[in-house]
Amino acid sequence: MKKQPTILLSALLAASALAPAPEALAQQALPAPLQGAPASDVPVAVQNLRWMMLDGRVNSLMFRSMDTLFTTRSVPRSGAVWHLPKTEKAMDFTYSFAGKTYKAEEFLERSYTNALLVMKDGRIVSEIYRNASDERTRFMAWSMTKSITSVLVGAALAEGRIRSLDDPIERYLPELKDGGYAGVTIRQILQMRSGVDYEERYDFDKPGTAARNHIAALVKNVARFADAARTIGRVHKPGEVFQYKTIDTAVLGWLIERVSGTTVAAYTAQHLWEPLGAEADGFYIMDGPPGVGREFSGAGFNATLRDFARFGQMMLDGGVANGRRVVSEDWVKLSTAPAGAEDGKRGGYGFQWWTMPGGPAYSAIGLQGQYVFVDPSTRTVVVKLSYFPPEDQTVSEETAAFLAAASQWTPR
């Protein structure tokens, strides 16, 4: 366990000074939504940095410095590293977006890229690091973590720790028997069809349930993120309506903790990171200090570019990493198939994986431009780690166009 660090602020302050903040604040003054009860032991300066970590002026650095902002729990690598062969090729293809054609190299700056890796049939053909990152840099996955949690649920099911996906969640977490999760099955939670009343909206000026939970758990560390599930209400009948919400994945992380009798990080190390042949330790950010906090299993995992690529290649290879079974082939197929009708533009959703329109490609996708894209039809894996500005929604559409073109690219 890594203890709460002392933060070196100079680089971040210099970056944030390039443009005036909407509300000028000294480092020792909290913005209005962070003021008031309950009191937090997190230093004011650190709360401010956590508050601004999504800001487009500093997120390129923030998204690869999470171990300086949070208490963390390590996911150590162990054993032989899965060697990824490499034959570097120029990205000599184009892609089309909004009626214009662009060279692949133009995409890097246009789409706020920190790092990009393209694999074809298990071989790295392009590996690019930008903005002072390198092969040792550990990047924040944000909601790509949800796809990792899905694999952990598959492992727990295979071990018999979970009897059935159609068991109600309170069979394993009786703490949820009196709220909106009562009677909701593990399958419905995996599909983001729990029906609970938790709108994934982060309007911090007028915070709703999700924003208040983010503030309490991740900024101030005065609550556990998953504990909001104890008293949450219900807005839809379970299983009927897809509604993306991180609280569902936080409940799945709590489930893993309960059925394994260990931490989410320890279970990740044993059932994913070691058999994957990872080359570097990963880590989760925590929603509280040592002995109190839990791993942020919905969006808090960090790893290197190549290790995210290994994760994607394992899925492409049907749950096998370098000849070693990580999760069953049936789980890979089940979790990456859309649970309901796909949207023609956005695609669909399986078990914590996004499916691409028309298939068979699918992707782990994280906040502000994190991708592990897998296309079985062309044996392609693309990892893109980004720093999208939060206000620009068109970049994700351009990224989808690039990923489709990269999948069809034949390096020569």
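Preceding block: the structure.
Residue numbering note: each chain is counted from 1, following its sequence as written. Reporting of local features is limited, given that this is a predicted model, to residues whose pLDDT is at least 70; pairs of side-chain atoms are given and counted only at 80 or more, and all residues count toward the totals for whole chains, interfaces and linings. Side-chain numbers come from the whole structure's heavy atoms, not from hydrogens or water.

Caption draft 1: Region of the structure containing the sheet that holds strand S7 (residues 282-285). Strand pairing requires that DSSP identify at least two bridges connecting the strands. Only DSSP runs of H or I reaching four residues or more are called helices, and only runs of E reaching two or more are called strands; each is numbered from the N terminus. If you walk across this open sheet you meet the 4 strands as S1-S7-S8-S6, and the pairing is antiparallel. Across the chains shown, the open sheet's two edge strands, defined by having one partner strand only, are strand S1 (72-75) and strand S6 (139-140). Bridge count for S7 against strand S8 (residues 301-303) is 2 bridges, and the pairing is antiparallel. Opposite Tyr284, over in S8, you have Phe301 as the bridge partner. Across the face of the sheet, helix H10 (residues 305-316) comes into contact with S6 and S8 while running at roughly 110 degrees to S8. Residues count as neighbours in contact if any of their non-hydrogen atoms are within 4.5 Å of one another. Only C-alpha atoms enter the line fits that serve as axes; for helices the fit covers just the stretch in contact. Angles between N-to-C directions range over 0 to 180 degrees.

Caption draft 2: Focus on the nonpolar core. Note on terminology: a nonpolar core comprises buried Ala, Val, Leu, Ile, Met, Phe, Trp, Tyr and Cys residues joined through side-chain atoms within 4.5 Å. Each residue is placed in one exposure class: buried if its accessible area under a 1.4 Å probe, protein chains only, is under 20% of its type's maximum, exposed if it is over 50%, and partly exposed if it falls in between. Grouped together as the largest cluster of nonpolar side chains are 92 residues, with contacts concentrated most on Tyr181 and Met314. Excluding anything up to four places from it in sequence, Tyr181 contacts Ile169, Glu170, Leu176, Ile189, Ser194, Val196, Ala229, Ile232, Arg234, Ile247, Asp248 and Val251. Tyr102, Ala104, Met192 and Leu403 belong to the second-largest nonpolar core, a separate cluster that totals 28 residues.

Caption draft 3: Fine view of the layout of surface pockets. Of the pockets and cavities examined, the second largest pocket occupies roughly 200 Å³. As for the second largest pocket, its lining consists of 17 residues, and the residues nearest its centre are Lys333, Thr336, Pro360, Tyr362 and Pro376. At the level of elements, H10 and helix H11 (329-335) are the ones that each hand at least two residues to the lining of the second largest pocket. A per-element tally of the lining of the second largest pocket places H11 first, with 3 residues. Looking at the lining of the second largest pocket residue by residue, the class counts come to 10 nonpolar, 4 polar and 3 charged. Think of a 1 Å grid over just the protein atoms. A cavity is a set of points where a 1.4 Å probe fits yet cannot get out, a pocket is an open set with protein on both sides within 12 Å along at least five of seven lines, and lining residues have an atom within 4 Å of a point. Grid points are joined across faces, edges and corners, and a volume is the space filled by probe spheres set on the points. Any residue that is not Ala, Val, Leu, Ile, Met, Phe, Trp, Tyr, Cys, Pro, Asp, Glu, Lys or Arg is counted as polar, Gly included; the first ten are nonpolar and the last four charged.

Caption draft 4: Quick look at the sheet that holds strand S15 (residues 380-386). Strand order across the open sheet formed by 7 strands is S5-S4-S15-S14-S13-S12-S11, with antiparallel pairing between neighbours. One side of each edge strand has no neighbouring strand; the edge strands of this open sheet are strand S5 (123-129) and strand S11 (348-349). Pairing analysis gives 7 bridges linking strand S4 (residues 113-120) to S15, with the strands arranged antiparallel. Bridging across to S15, Lys120 finds its partner in Thr380.

Caption draft 5: Spatial organisation of helix H9 (residues 264-276). At any given residue, the bend is defined as the angle formed between two axes, one fitted to the seven residues that end at that position and one fitted to the seven that begin there. Along H9, the helix axis deviates most sharply at Gln270, where the bend reaches about 40 degrees. Within the span of H9, buried status applies to Val264, Ala265, Tyr267, Thr268, Ala269, His271, Leu272, Trp273, Pro275 and Leu276.

Caption draft 6: Up close: empty space enclosed by the protein. Within the structure shown, the criterion is met by 2 cavities of 30 Å³ or more. Each pocket or cavity is described by its volume, and for the largest cavity that value is around 70 Å³. For the largest cavity, the full set of lining residues is Phe225, Ala226, Ala250, Gly253, Trp254, Glu257, Val264, Asp287, Arg294, Glu295, Phe296 and Ser297. Residue composition of the lining of the largest cavity, grouped by class: 6 nonpolar, 2 polar and 4 charged.

Caption draft 7: Seen up close, the environment of Ala341. Locating Ala341 in the fold gives a position in the loop between H11 and S11. Residue classification places Ala341 among the exposed residues on the basis of a relative accessible area of 78%. Put simply, Ala341 and Asp307 are 34 residues apart on the chain and 32 Å apart in space, counted from C-alpha to C-alpha.

Caption draft 8: Representation of the packing of helix H5 (residues 144-158) against H9 within the structure. Direction vectors running N to C along H5 and H9 enclose 75 degrees, while the axes themselves pass 10 Å from each other. In terms of orientation, H5 and H9 fall into the roughly perpendicular class. Each of Ile148, Val151, Leu152, Ala155 and Ala156 in H5 lies in contact with H9, whose residues at this interface are Val264, Tyr267, Thr268, His271 and Leu272. Residue composition of the contact of H5 with H9, grouped by class: 8 nonpolar, 2 polar and no charged. An angle counts as roughly parallel when it lies under 35 degrees, as roughly antiparallel when it exceeds 145, as roughly perpendicular when it falls between 65 and 115, and as oblique in every other case.

Caption draft 9: Main features of unusual backbone geometry. Going from Ala37 to Pro38, the amide bond is cis rather than trans, its omega being -5 degrees. With respect to the element layout, Pro38 can be found in the loop between helix H1 (10-16) and helix H2 (44-51). Cis geometry marks the peptide bond from Gly359 to Pro360; its omega dihedral reads 0 degrees. Even without being a glycine, Asn322 presents a positive backbone phi close to 55 degrees. Mapping Asn322 onto the fold places it in the loop between strand S9 (320-321) and strand S10 (324-325). In this model, Gln352 sits at a positive phi of 70 degrees, which is unusual for a non-glycine residue. With respect to the secondary-structure elements, Gln352 resides in the loop between S11 and strand S12 (354-355).

Caption draft 10: Looking closely at the pattern of salt bridges. Each reported salt bridge corresponds to a side-chain nitrogen of Lys or Arg within 4 Å of a carboxyl oxygen of Asp or Glu. With the rule as written, the count across this model stands at 29 salt bridges. Across the pair Asp307 and Arg310 runs a salt bridge, and its minimum N-O distance is 2.9 Å. Linking Asp307 with Arg310, this pair stays in helix H10, spanning 3 residues, or about one helical turn. On the accessibility criterion, Asp307 (0% relative accessible area) is buried. Classification of Arg310 as buried rests on a relative accessible area of 3%. Residues joined in a network through salt bridges with shared partners are Lys86, Glu88, Glu127, Glu279, Arg306, Asp307 and Arg310.

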